[in-house]
Amino acid sequence: MSTDSKASKSPLDILKWLLAAAFLAAAVVGNYVYADMPLLYRVLGVVVLMAVSAGFALTSTQGKSFLQLLKEANVERRKVVWPTRQETQQTTLIVVVVVVLMALVLWGLDSLLGWLVSLLVG
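As the structure is a computational prediction, the values presented were derived from the model and not from experiment. (Residues numbered from 1 in each chain as written. Predicted model: local features only at pLDDT ≥ 70, side-chain atom pairs only at ≥ 80, totals over all residues. Heavy atoms only, no water.)

Looking now at the overall build of the protein. Along the backbone of the protein there are five helices and zero strands. Taken from the N to the C terminus, the helices and strands of the protein come in the order α-α-α-α-α. Here the C-alpha radius of gyration of the protein, 28 Å, is well above what a compact globule of 122 residues would show, namely 14 Å. On the principal axes, the C-alpha backbone points of the protein span a range of 80 × 45 × 35 Å. (Helix = DSSP H or I, 4+ residues; strand = E, 2+ residues; numbered from the N terminus. Rg over C-alpha atoms; globule rule 2.2 N^0.38 Å.)

Pasting the structure below:
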């Protein structure tokens, strides 16, 4: 076992995950039990309980690792060179033209094969 897996099984982390699961379950059950309440109150209750649940989960060792992964992914996302508007329009136009041409080819092939079958069958 690595030190990460030992740390993630600490009693405090287990307690945090149990609390996260309990708050998440409370959100689901509460939404069902209080179905007669106005929708706004139920939505607010579910959002608050899910935020508390996420708070407990993200303070665990695994949650902190997940947050670090998100930060690193955001850094990598910023390194991406996104296409310009002109490149996007040109690529879209090429795709549309190819789709229309293939539709015409397939329509023609279907018509030809249908005509050949009708000649054979009579």
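Right, let's talk about the packing of aromatic side chains for a bit. Counting across every chain of the model gives one aromatic pair. Centroid distance F23 to F56: 5.6 Å. Interplanar angle 20°. Geometry classified as stacked. Taken together, the positions of F23 in helix 2 (residues 11-33) and F56 in helix 3 (residues 39-58) put the pair 33 residues apart, joining distant regions of the chain. We classify F23 as partly exposed; its relative accessible area is 27%. (Phe/Tyr/Trp six-rings, centres within 6.5 Å; stacked < 30°, edge-to-face > 60°. Buried < 20%, exposed > 50% of the residue type's maximum accessible area, 1.4 Å probe, protein only.)

Let's shift gears to the UniProt feature "transmembrane region" (unreviewed entry) in the protein. The UniProt entry lists residues 12-33, 39-58 and 93-117 under the feature "transmembrane region" (unreviewed entry), expressed in the numbering used here. The span residues 12-33 carries 100% helix and 0% strand; its end-to-end C-alpha distance comes to 31 Å. With 100% helix and 0% strand, residues 39-58 has end C-alpha atoms that lie 28 Å from one another. (UniProt positions renumbered as here; feature names shortened; annotations may be inferred.)

All right, on to the environment of L39 then. Locating L39 in the fold gives a position in helix 3. What makes L39 exposed here is its relative accessible area of 56%. Here the alpha-carbon distance between L39 and L119, two residues 80 residues apart in the chain, equals 65 Å.

Before going further, it helps to spend a moment on helix 3. Taking 1.5 Å per residue as the helical rise, helix 3 with its 20 residues ought to reach 28 Å, and the 28 Å between its terminal C-alpha atoms agrees with that figure. In the core, the buried residues of helix 3 are packed alongside helix 2 and helix 4 (61-79). (Expected span 1.5 Å × (residues − 1). Contact = heavy atoms within 4.5 Å.)

Take helix 2 next. Each turn of an α-helix holds 3.6 residues, which means side chains three or four residues apart point in the same direction. In this model helix 2 runs 32 Å from its N-terminal to its C-terminal C-alpha over 23 residues, within 8% of the 33 Å that 1.5 Å per residue would give. Where helix 2 is concerned, the buried positions are D13, K16, A20, A27 and G30.

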